[in-house]
Amino acid sequence: LNAHLNRIRKVPKPDCPHCANIPETVTHFLIVCPKYRAARAVLEHKLRRRALNIGFLLSHPDAVDPLMTYIKATHRWSHMPAVTPPLNLPSMIP
């Protein structure tokens, strides 16, 4: 998100691409930004009040699928190429 990317000097401004002069933080992207209201409504329908809890969204196993659905629905990263893992990596599971 732009607030972080700006902090590490990867983008010139920390602002949300849809909200003037408002930093695009995790909280802004997940809970506040009006651009994603429709996608957020689906998230809230699935998770109820827990959808407004950043700690829950970012750490609870029950939030993973609804959160990924939300992220995909926003198309926030649709301009970026898909990342595929390299082949022939040793298995981390014995």
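Structure first, text after, so check above.
A few points on the structure. Fair warning: this is a prediction, and the values are worked out from it, not measured in the lab.

1. So, the nonpolar core
No. 1: Core analysis: the largest hydrophobic core is formed by 17 residues, its most contacted members being F29, L30, L43, L47, L57 and Y70.
No. 2: Secondary-structure elements contributing two or more residues to this core are α2 (26-32), α3 (37-47), α4 (54-59) and α5 (64-74).
No. 3: F29 has contacts with L1, E24, Y36, R40, Y70, I71, T74, R76 and W77, leaving out every residue within four places of it along the chain.

2. Things to note about the packing of aromatic side chains
No. 1: This model, assessed by the stated rule, comprises 3 aromatic pairs.
No. 2: Among the aromatic side chains, those forming a connected cluster through ring pairs are F29, Y36, Y70 and W77.

3. Regarding the side chain of H28
No. 1: Take H28: it is sitting in helix α2.
No. 2: When near neighbours in sequence (up to four residues on either side) are disregarded, H28 contacts C16, C19, I22, P23, C33 and R40.

4. Observations regarding α5
No. 1: Three or more residues of α5 are buried, namely P66, L67, Y70 and T74. What you see down the axis of α5 is that its buried residues fit within an arc of 100°, all on one side. Facing away from the buried side of α5 by over 90 degrees, the exposed positions are D65 and K72.
No. 2: Where α5 is buried, its residues meet α2, α3 and α4.
No. 3: Remark: H75 follows α5 within two positions and exhibits a positive phi of approximately 60°.

The rules behind each value
- Residues numbered from 1 in each chain as written.
- Predicted model: local features only at pLDDT ≥ 70, side-chain atom pairs only at ≥ 80, totals over all residues.
- Heavy atoms only, no water.
- Core = buried A, V, L, I, M, F, W, Y, C linked by side-chain atoms within 4.5 Å.
- Buried < 20%, exposed > 50% of the residue type's maximum accessible area, 1.4 Å probe, protein only.
- Helix = DSSP H or I, 4+ residues; strand = E, 2+ residues; numbered from the N terminus.
- Contact = heavy atoms within 4.5 Å.
- Phe/Tyr/Trp six-rings, centres within 6.5 Å; stacked < 30°, edge-to-face > 60°.
- Arc of directions from axis to C-beta.

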